[in-house]
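# Secondary and tertiary structure notes
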Amino acid sequence: MSIGSTPMKYRVTIDPARCMKCKRCIENCSYGVFREEGDAIHINSRNCVACHRCLAFCPRDAIEIEEKPGDYRSHPVWTREVREAIFNQAKTGKIVLAGMGNAQPYPIIFDQLVLDACQVTNPSIDPLREPMELRTYIGKKPSSLSLRQLDNGEIQLCTKLTPNLQIETPIMIGHMSYGAISLNAQTALAKAASRAGTFMGTGEGGLHESLYPYQDHMIVQVASGRFGVDINYLERGAAIEIKIGQGAKPGIGGHLPGDKVCADISCTRMIPEGSDAISPAPHHDIYSIEDLKQLVRGLKEATEWKKPVFVKIAAVHNSAAIAAGIARSGADAVVIDGFRGGSGATPRVFRDHVGIPVEAAVASVDAKLRQQGIRNEVSIIASGGIRESADVAKIICLGADAVYIGTSALVAMGCRVCGTCYRGTCAWGIATQKPELVARLDPEVNAVQVENLIHGWTLELAELMGAAGINSIESLRGNRDRLRGYMLDEGLLNVLDVKTVGA
Amino acid sequence: MGEVRINAAGMPYQILNQRIRALVAGGEKEIILDNVLGQRFIGDGIRGEDVTITVNGVPGGDLAMFMSGPTVIVHGNADHAPGNTMDNGKVVIHGSAGDAVAHSMRGGRVYVRDNIGYRGGINMKQYQEKRPILVVGGYARAFLGEYMAGGLVIVLGIDGVTPVSERGVGSGIHGGEIIVRDSIDPACLGGGAEQKKMTNDQKKAIRPILEDFIRTFTLDPEPILSAEYSRIVPASRRPFANKYTWE
């Protein structure tokens, strides 16, 4: 007996009283939901992914998308998602490929942490009146300074400082490669990062030449496939990031399918057109922490010790010990990518079940580095599931120096988190390489939107700090006293080193 | 300009590499390093197709990493990963080398007269005119040419040694080719790799490379040029294509 068809994921309807048959839905849907037959617009709801492109461009609000219209018999264990994955695998015998971040309803620690504010005893600060210091330096800080007084009375700094990145707000844009996202999307992010005085990551897809004007605001990534990596690329970046792992798929590599490797991507990644771009699970020149140190130093030697080198790992059980190793490797920053981190394509089983939340990982990394007296050796960059300015404030209180945002920046460009990035037919022109879809994304317009988002969050961050009577991001960092846990268990409160509300 | 010699005895690698870099920037073409003992990253990221660096001694890991153009000649053995992510140029090793030789290499040539360790040529790739070539005179250890996306690895097995007698040869290979003298035990092949007899035309195509290798190390050409060879190539150009189903 065949499994037959399963209930639709979405039902799309057009209200005939409102529809003016402008056919914008047909033009905009890249998944083939709408088609014209004679006079009528026909709908195939099974093709819908709920990307809302049609909804956003319907001038009459005539379209409705209903999620999960056909009910399964409800069951708390045998959820719809579990049953559908079984049907899928029973039919195909393959690994289920998914997109975006973790889709399991795990509790979100951020939402069980609350921030503090001043009342009476310590006056709050109005950012409108007082300067708020949000500028952040990413990189090694000396453990001590040695100073010398010159004959003319001036003080000279004798300590040799290592290069740091100066960011005007502790919000950077994480690594999303050309290949995972379109060149127009990358261009918009690059413009936004440059204007906001911050940085963005290239991902492991090389650096397209049209982005060279923004290279001073780009962190070039070196991952296990080494795509697009040569000495010119390394020299162009403001910093270099070694990607060991990714929160959405800890422990595994990545495969960009050959059909996405068009002429331009082929050139940027330095691989033949149409060939699969396979990033192995480990770097095959890094099989130990000593080997990591070797690559960190190899990159520094290649660029004459002028650039900070970051190491990005997925947040996993032993992140703290791993980060301590990274801090001793000569790296300048460690990026902790939590299990809610996004991805264009990742096996569902990894996306949903491997790794730990960034909140716990950052808190334990910060604590471990402080215990060992090496917190100054590396900056901590938190990424994976940073959704709003409050998350930024909270993760900084837990010990991060700055954050990477990924999905949030894409949402600012129209992404509706439909999670089907891996299909390459993104109707918003973000996660696609189809020229007609890419052309939908205007880099300039979207740069403004992303810059607006960063600006808005930065203003909110300043307000949150002011309310807490803090006028410098330095005083917020690791300041767990400004956090309280709400309904968190004792074990987790201990890991976070945060008191419960009321205490 | 003539040749410049540096006595590397006891010199930390950063200092040595700064000296080399400064000499190259100053227009020197012939640089000879004496008494090298474990200094890493020699030639890392340097450019200049007409520059030759001669290493007398045993260099440390990642020799010629990210290098783009120069020739590095080692009179001795080399540590792990010479030619790592190398872009262009030539590395000649008059001895053996460690693990991950020519890792992720994207252009140029690496010649190793004797043997190499594990993971030789792993993750090599090619693009347009850039086709990296690794030639090994003796044998290679396990995991040779895994995940290769392009390029050419040749293991000659001179003096009758078996080119590779361990597992994982060409696992996940999806481009390029591995050429071995005679053939290897099929049990040594990794997933996604297959071994084929080499045709005369294919053999003719690699002859200039073999001749260059023979010249470089002053070897007896006869046994190398008259030997039979096999090619280890991808069974599929897209080894991961049928692994996934959409959510």
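### So, the domain arrangement of chain A
Residue and element names in this part refer to chain A.
- In terms of domain boundaries, chain A breaks down into domain 1 (10–94) and domain 2 (161–497).
- A separation of 33 Å is found between the C-alpha centroids of domain 1 and domain 2.
- On the side of domain 2, eight residues touch domain 1, which itself brings 10 residues to the contact.
- Taken together, the residues of the side of domain 1 that touches domain 2 break down into six nonpolar, three polar and one charged.

### Brief notes about the sheet that holds strand 10 (residues 193–197) of chain B
All names here are of chain B.
- One open sheet holds the 11 strands; their spatial order is 1-2-3-4-5-6-7-8-9-11-10, and the pairing between them is mixed. Edge positions in the open sheet fall to strand 1 (3–7) and strand 10, since each of these has one partner strand only. The average angle at which neighbouring strand axes cross in this sheet is 15 degrees, direction not considered.
- Pairing between strand 6 (residues 109–112) and strand 7 (residues 133–136): four bridges, direction parallel. Bridge assignment links Val 112 to a residue of strand 7, and that residue is Val 136.
- With respect to the sheet, helix 1 (residues 13–25) is in contact with strand 1, strand 2 (30–37) and strand 3 (52–58), its orientation differing from that of strand 1 by roughly 170 degrees.
- With respect to the sheet, helix 2 (residues 200–217) is in contact with strand 5 (88–93), strand 6, strand 7, strand 8 (149–155), strand 9 (175–181) and strand 11 (229–234), its orientation differing from that of strand 7 by roughly 65 degrees.

### What about the packing of helix 8 (residues 319–327) of chain A against helix 10 (residues 358–371) of chain A?
All names here are of chain A.
- One way to put it is that helix 8 packs onto helix 10 with a least axis distance of 8 Å and a crossing angle of 50 degrees. In terms of their interaxial angle, helix 8 and helix 10 are classed as oblique. Where helix 8 crosses over helix 10, the handedness of that crossing is right-handed. Contact residues: Ser 319, Ala 320, Ala 321, Ala 323, Ala 324 and Ala 327 in helix 8; Ala 361, Ser 364, Val 365, Lys 368 and Leu 369 in helix 10.
- Here the residues of the contact of helix 8 with helix 10 sort into eight nonpolar, two polar and one charged.

### Comments concerning the interface of chain A and chain B
- Between chain A and chain B, the contact holds 31 residues from the first and 36 residues from the second.
- Residue assignment for the side of chain A that touches chain B shows that the elements contributing at least two residues are helix 3 (80–92), strand 5 (95–98), helix 5 (231–236) and helix 7 (289–302) of chain A.
- Split by residue class, the side of chain A that touches chain B holds 14 nonpolar, nine polar and eight charged.

### Quick look at the packing of helix 11 (residues 389–397) of chain A against helix 14 (residues 443–467) of chain A
All names here are of chain A.
- Here helix 11 crosses helix 14 at 50 degrees, and the two axes come no closer than 9 Å. In this view, helix 11 runs oblique relative to helix 14, as classed from their interaxial angle. In this structure, the crossing between helix 11 and helix 14 has a hand that is right-handed. Two secondary-structure elements touch here, helix 11 through Ser 389, Val 392 and Ala 393 and helix 14 through Trp 457, Glu 460, Leu 461 and Leu 464.
- Its residues placed into classes, the contact of helix 11 with helix 14 shows five nonpolar, one polar and one charged.

Each value, and the rule that gives it
Residues numbered from 1 in each chain as written. Chains lettered and ligands numbered in written order. Predicted model: local features only at pLDDT ≥ 70, side-chain atom pairs only at ≥ 80, totals over all residues. Domains from an automatic or database assignment. Contact = placed C-beta atoms within 7 Å. Nonpolar A, V, L, I, M, F, W, Y, C, P; charged D, E, K, R; others polar. Pairing = 2+ DSSP bridges. Helix = DSSP H or I, 4+ residues; strand = E, 2+ residues; numbered from the N terminus. Axes fitted to C-alpha atoms, helices over the stretch in contact; angles between N-to-C directions. Parallel < 35°, antiparallel > 145°, perpendicular 65-115°, else oblique. Left-handed = near helix turned anticlockwise from the far one by under 90°.

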